[in-house]
Amino acid sequence: MNEKLIKYLEEIFSIYEDSQVVKELKEELFNNLQEKLSDLKNQGYDEETAYSMTINSIGDISELIGSIAAKTIELQERVRKDFSNINLQNSDFKGVKVHDGKFNGSALKESDFSNSDFSNSSFKGTDLQNSDFKNVTLHDGTFNGSGLKGSDFSGSDLTNTSFKACDLANVRFDGANLTGVKLIQVGLKNMSFKSCVLDYTDFSSSDLSGVCFDNQTLIGTIFNCTGLKGTSFKNVVFRNVYFKNAQVKKAIFDGAKMDKLTYAVLKGSNANLTNVTVI
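Procedures and definitions
- Residues numbered from 1 in each chain as written.
- Predicted model: local features only at pLDDT ≥ 70, side-chain atom pairs only at ≥ 80, totals over all residues.
- Heavy atoms only, no water.
- Phe/Tyr/Trp six-rings, centres within 6.5 Å; stacked < 30°, edge-to-face > 60°.
- Helix = DSSP H or I, 4+ residues; strand = E, 2+ residues; numbered from the N terminus.
- Buried < 20%, exposed > 50% of the residue type's maximum accessible area, 1.4 Å probe, protein only.
- Lys NZ or Arg CZ within 6 Å of the ring centre and 35° of its normal.
- Core = buried A, V, L, I, M, F, W, Y, C linked by side-chain atoms within 4.5 Å.
- Contact = heavy atoms within 4.5 Å.
- Pairing = 2+ DSSP bridges.
- Salt bridge = Lys/Arg side-chain N within 4 Å of Asp/Glu carboxyl O.

Participant: Which parts of the structure should I look at to understand the packing of aromatic side chains?
Facilitator: In this description, an aromatic ring pair is defined by two values, namely the gap between the centres and the angle between the planes. Counted by the stated rule, this structure contains 36 aromatic pairs. On the basis of an interplanar angle of 80° and a centroid distance of 5.6 Å, the ring pair of Phe-193 and Phe-203 is categorised as edge-to-face. Placement of the pair is Phe-193 in the loop between helix 4 (62–80) and strand 1 (217–219) and Phe-203 in the loop between helix 4 and strand 1, with a sequence separation of ten residues. The burial state of Phe-193 is the same as that of Phe-203; both residues are buried. Between the NZ or CZ atom of Lys-4 and the centre of the ring of Tyr-51, over which it lies, the distance is 4.4 Å.

Printed below as a string of structure tokens:
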């Protein structure tokens, strides 16, 4: 009859991942059923009746097992995605898909993330110098306070990702989608944003001296409190762009086209708008 009990439990547990927690639950349940079966037989019931009464005594346990198994799998997934505070220098993550990953405080210098999907992942306070992020999908990510000197994000989709207070010296963003990206309190002097999408990108309190935005269309882009010495906006189309408290006097706007509100703010800040067209 023990073999029959084992077969019964195997059928119930067969659809669940064979994790340690599920194994322990199955073992404990078997011991309890075995004890119950023995007690009923000692009370004089025949084996078949004792078996039926034993099984009926536990009711429908599938829902309970399913809940425990699901929570176990979820916990395992979280653990597998947490790479925080470990040494991962020169790691190869090329082509990997990791959503909601955590790499906070880790050493990832000179690692390869190219052609991967790391959406909603966090890299706070991480050493990522000279790392390869080309053609990466990284929506809603966080790099706040990280060292990214010399890293390459060319061609990547970084929608709504935050780079607040990062070291971005010599970082490349050419051809990247920077929609809604936060490049706040960072040094971007002489950096290239060639062929980037910069809709609603937030450059607040950053140094953009010498940066070239020529021939681009900027929609909802934020330049509040930015340094714009020698920054070139030649032939740029401005739509609802913000320049509150920006240092615009030495920025170059030759050939630019802009809406009336953007024009009014720049004019009030003494920008040179001699060759600008209001649209």
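Participant: Please explain the nonpolar core as it appears in this structure.
Facilitator: The nonpolar side chains of a soluble globular protein tend to be buried, and buried together. By size, the foremost hydrophobic cluster in this structure holds 53 residues, and its most contacted members are Phe-163, Phe-173, Phe-193, Phe-233, Phe-243 and Phe-253. Discounting residues that sit within four places of it in the chain, Phe-253 has contacts with Phe-233, Phe-238, Phe-243, Val-248, Met-258, Leu-266, Ala-271, Asn-272, Leu-273, Asn-275 and Val-276. The next biggest cluster of nonpolar side chains, apart from the first, holds eleven residues, and it includes Leu-29, Leu-37, Tyr-51 and Ile-55.

Participant: Before we go on, may I ask you to explain the environment of Val-197 in this structure?
Facilitator: Within the secondary structure, Val-197 sits in the loop between helix 4 and strand 1. In this structure the C-alpha to C-alpha distance between Val-197 and Thr-179, which are 18 residues apart in sequence, comes to 6.1 Å. Not counting chain neighbours up to four residues away, the residues in contact with Val-197 comprise Ala-176, Asn-177, Leu-178 and Thr-179.

Participant: Honestly, the sheet that holds strand 4 (residues 277–278) in this entry has me stumped. Any pointers?
Facilitator: Strand-to-strand pairing in sheets goes through backbone hydrogen bonds, with the strands running parallel or antiparallel. The sheet built from four strands is open, its strands ordered 1-2-3-4 with parallel pairing. Across the chains shown, the open sheet's two edge strands, defined by having one partner strand only, are strand 1 and strand 4. Judged from the two bridges that link them, strand 3 (residues 257–258) and strand 4 form a sheet pairing that is parallel. What sits directly across from Met-258, in strand 4, is Val-278.

Participant: Teacher, can you tell me more about the pattern of salt bridges here?
Facilitator: Once their charged atoms are close, side chains differing in charge can pair, the charge on each being opposite to the other. Enumeration according to the criterion identifies four salt bridges in this entry. Residue Glu-47 pairs with Lys-41 through a salt bridge whose shortest N-O separation is 3.5 Å. Residue Lys-41 is classed as partly exposed on the basis of its relative accessible area of 34%. As a salt-bridge pair, Lys-134 and Asp-132 come within 2.9 Å of each other at their nearest N and O atoms. The exposure class of Lys-134 is partly exposed, given its relative accessible area of 30%.

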